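Overview (structure and organization)
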Amino acid sequence: MAATTISPAIRKQMSSVAVAMKVAVIGSGISGAVCASTLARNGVSVTIFDSGRGPGGRMSQRREIGEDGKELMFDHGAPFFCVSNSDAMALVHEWESRGFVSEWKQVFGSFDCASNKFLGIQQEGDAKKYVGVPGMNSISKALCNESGVKSMFGTGIAKMEWLEEEIPWLLTDSKGENLGRFDGVVASDKNIVSPRFTQVTGLPPPLDLSLVPELATKLQNIPVLPCFSLMLAFKEPLSSIPVKGLSFKNSEILSWAHCESTKPGRSTDSERWILHSTPDYANSVIAKTGLQKLSSETLNKISEEMFKEFQCSGLVSSLPFFMKAHRW
Ligand SMILES: Cc1cc2nc3c(=O)[nH]c(=O)nc-3n(C[C@H](O)[C@H](O)[C@H](O)COP(=O)(O)OP(=O)(O)OC[C@H]3O[C@@H](n4cnc5c(N)ncnc54)[C@H](O)[C@@H]3O)c2cc1C
């Protein structure tokens, strides 16, 4: 996870030009949202564009409805984050004091699918795990609502053009609509230069990399690891699991599982778990299906395969009343 910090020298420089400076931030995930908030606090006028319906990106929260009509909330992307840098820690303390971040104090471990045994249970002193409250997207939500930040959701940037003019950047959305001119653009997703953008939308990537050849190699080297998340809700607690988050060893299908309803600020009406697939399993599915939207038949098959692997661990004795897969 990236966090943005600005040195006092740059901050001074920015505040002297802030009146004129207009910056577009593409993406309202944690990187884009922190960047937008930091720029706005330094007097820059910021507009965030995100193709998604709301803020959060891969730190988002999914709302589902169970058969009984009750709401089920899942952090189906990143389940938590840790902090190793003092500047980022200061930011996280500020978010804690504003009430949209808390430490997730639970016991975690790792499970070996070859021997069907726990290999280790987290010891005292391991890195603290933090979550957004009431959902992982609460952080981006709060930052996108800060003064000086304007947010436009459901707006995918399809073209970023550099014009040799005083305000050089022109942004266009996927319907060909002009979104305005900006002094600077911050893109938080590799997508804007990636062939993956073309595979999903059928359009050329928004930024022509021949304009910035020195960036091309660096960006190509950033890995994209696909993953499926499986959202599960049970009526009763899975009491044979002694931890609330576990990584899997020796599984071709599962890499991680956690109990969503044990995070601070979540409903405990049902016991909700989320499973993550291994990148290899996700790649094997994508090799067959491509990157287009998956049919409900394919998603159901993936749900069954992932849940079966969870059952094979011997850790699950009951069946979920809700089960749905999501591809990242
Ligand atoms: C299943 C899963 C588990 C994870 N587990 C962890 C974990 O345990 N701990 C951890 O620290 N991290 C974890 N991560 C990684 C973490 O979620 C990401 O590193 C982090 O959220 C990335 O944030 P970001 O802002 O850089 O990108 P993103 O969150 O991907 O945000 C990019 C945003 O840009 C938008 N966008 C892209 N292209 C365009 C465009 N052309 N126009 C407009 N908008 C656009 C997207 O809609 C998206 O909202 C996990 C990720 C996944 C998927």
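Nothing here was measured: the structure is a model prediction, and the numbers come from that model. (Residues numbered from 1 in each chain as written. Predicted model: local features only at pLDDT ≥ 70, side-chain atom pairs only at ≥ 80, totals over all residues. Heavy atoms only, no water.)

This next bit is on the nonpolar core. Residues Val25, Phe81, Trp95, Val101 and Ile139 are the most contacted members of the largest nonpolar core, which totals 33 residues. Listed by contribution, the elements that provide at least two residues to this core are strand S1 (22-26), helix H2 (30-41), strand S2 (45-50), helix H3 (86-98), strand S8 (130-132) and helix H4 (138-144). Tallying contributions element by element places H2 first for this core, with 7 residues. Two domains share this core, each providing at least three of its residues, namely domain 1 (8-58 + 139-220) and domain 2 (80-134 + 225-327). The contact partners of Val25, leaving out residues within four places of it in the chain, are Gly32, Cys35, Ala36, Leu39, Val46, Thr47, Ile48, Phe49 and Val186. Phe248, Trp273, Tyr281 and Met306 belong to the second-largest nonpolar core, a separate cluster that totals 28 residues. (Core = buried A, V, L, I, M, F, W, Y, C linked by side-chain atoms within 4.5 Å. Buried < 20%, exposed > 50% of the residue type's maximum accessible area, 1.4 Å probe, protein only. Helix = DSSP H or I, 4+ residues; strand = E, 2+ residues; numbered from the N terminus. Domains from an automatic or database assignment. Contact = heavy atoms within 4.5 Å.)

Along the chain, His276 turns up in strand S17 (residues 271-277). When residues no more than four places from it in sequence are discounted, the contact partners of His276 are His76, Gly77, Pro79, Cys227, Phe228, Ser229, Ile253, Leu254, Ser255, Trp256 and Met306.

Here we take up H2. Taking 1.5 Å per residue as the helical rise, H2 with its 12 residues ought to reach 16 Å, and the 16 Å between its terminal C-alpha atoms agrees with that figure. Summarising burial for H2: 10 of the 12 residues are buried, a large majority. In the stretch just after H2, Gly43 is the one whose phi turns positive, near 90°. (Expected span 1.5 Å × (residues − 1).)

Okay, the sheet that holds strand S13 (residues 184-187) next. Here we have 4 strands laid out as an open sheet, ordered S9-S2-S1-S13, and parallel in their pairing. Each end of this open sheet is capped by a strand with a single partner; those strands are strand S9 (149-153) and S13. With direction set aside, neighbouring strand axes in the sheet form an average angle of 20°. Of the pairings in the sheet, the one linking S2 to S9 comprises 5 bridges and is parallel in character. Directly across from Phe49, in S9, lies its bridge partner Met152. (Pairing = 2+ DSSP bridges. Axes fitted to C-alpha atoms, helices over the stretch in contact; angles between N-to-C directions.)

Bringing the domain arrangement of the protein chain into the picture now. It is common to report an interface's size as the accessible area lost on association of the parts. Assigned domains within the protein chain: domain 1 (8-58 + 139-220) and domain 2 (80-134 + 225-327). Domain 1 and domain 2 are separated by 30 Å when their C-alpha centres are compared. With 10 residues of domain 1 in contact, the opposing surface of domain 2 contributes 9 residues. Across the domain 1 to domain 2 interface the summed buried area is about 740 Å²; carbon plus sulfur atoms make up 68%. Together, Arg41, Ile139 and Arg196 form the three largest contributors to the area buried by domain 1 at its contact with domain 2, with a combined 51%. The interface formed by domain 1 and domain 2 contains 2 salt bridges. (Buried area = accessible area lost by both parts, 1.4 Å probe. Salt bridge = Lys/Arg side-chain N within 4 Å of Asp/Glu carboxyl O.)

Before going further, it helps to spend a moment on the sheet that holds S17. Two orientations exist for strands paired in a sheet by backbone hydrogen bonds: parallel and antiparallel. One open sheet accounts for 7 strands, arranged S7-S6-S15-S16-S17-S14-S18; its pairing is mixed. What marks the edges here is a single partner per strand, and that holds for strand S7 (117-121) and strand S18 (322-327). Pairs of neighbouring strands in the sheet enclose a mean axial angle of 20°, with direction left out of account. As judged from the 5 bridges shared by strand S6 (residues 108-112) and strand S15 (residues 245-249), these two strands associate in the parallel manner. The partner of Ser110 across the bridge, within S15, is Ser247. Most of the contacts of helix H8 (residues 296-312) go to strand S14 (residues 228-234), to which it runs at about 70°, and overall it touches S14, S15, strand S16 (254-259), S17 and S18.

Before going further, it helps to examine the packing of helix H7 (residues 279-289) against H8. In the contact formed by H7 and H8, the axes pass within 13 Å of each other and the chain directions differ by 155°. Relative to H8, the element H7 is oriented roughly antiparallel. Crossing geometry of H7 relative to H8 is assigned as right-handed. Across from Tyr281, Val285 and Thr289 in H7, the residues of H8 making contact are Thr298, Ile302, Glu305 and Met306. A breakdown of the residues in the contact of H7 with H8 according to their chemical character gives 4 nonpolar, 2 polar and 1 charged. (Parallel < 35°, antiparallel > 145°, perpendicular 65-115°, else oblique. Left-handed = near helix turned anticlockwise from the far one by under 90°. Nonpolar A, V, L, I, M, F, W, Y, C, P; charged D, E, K, R; others polar.)

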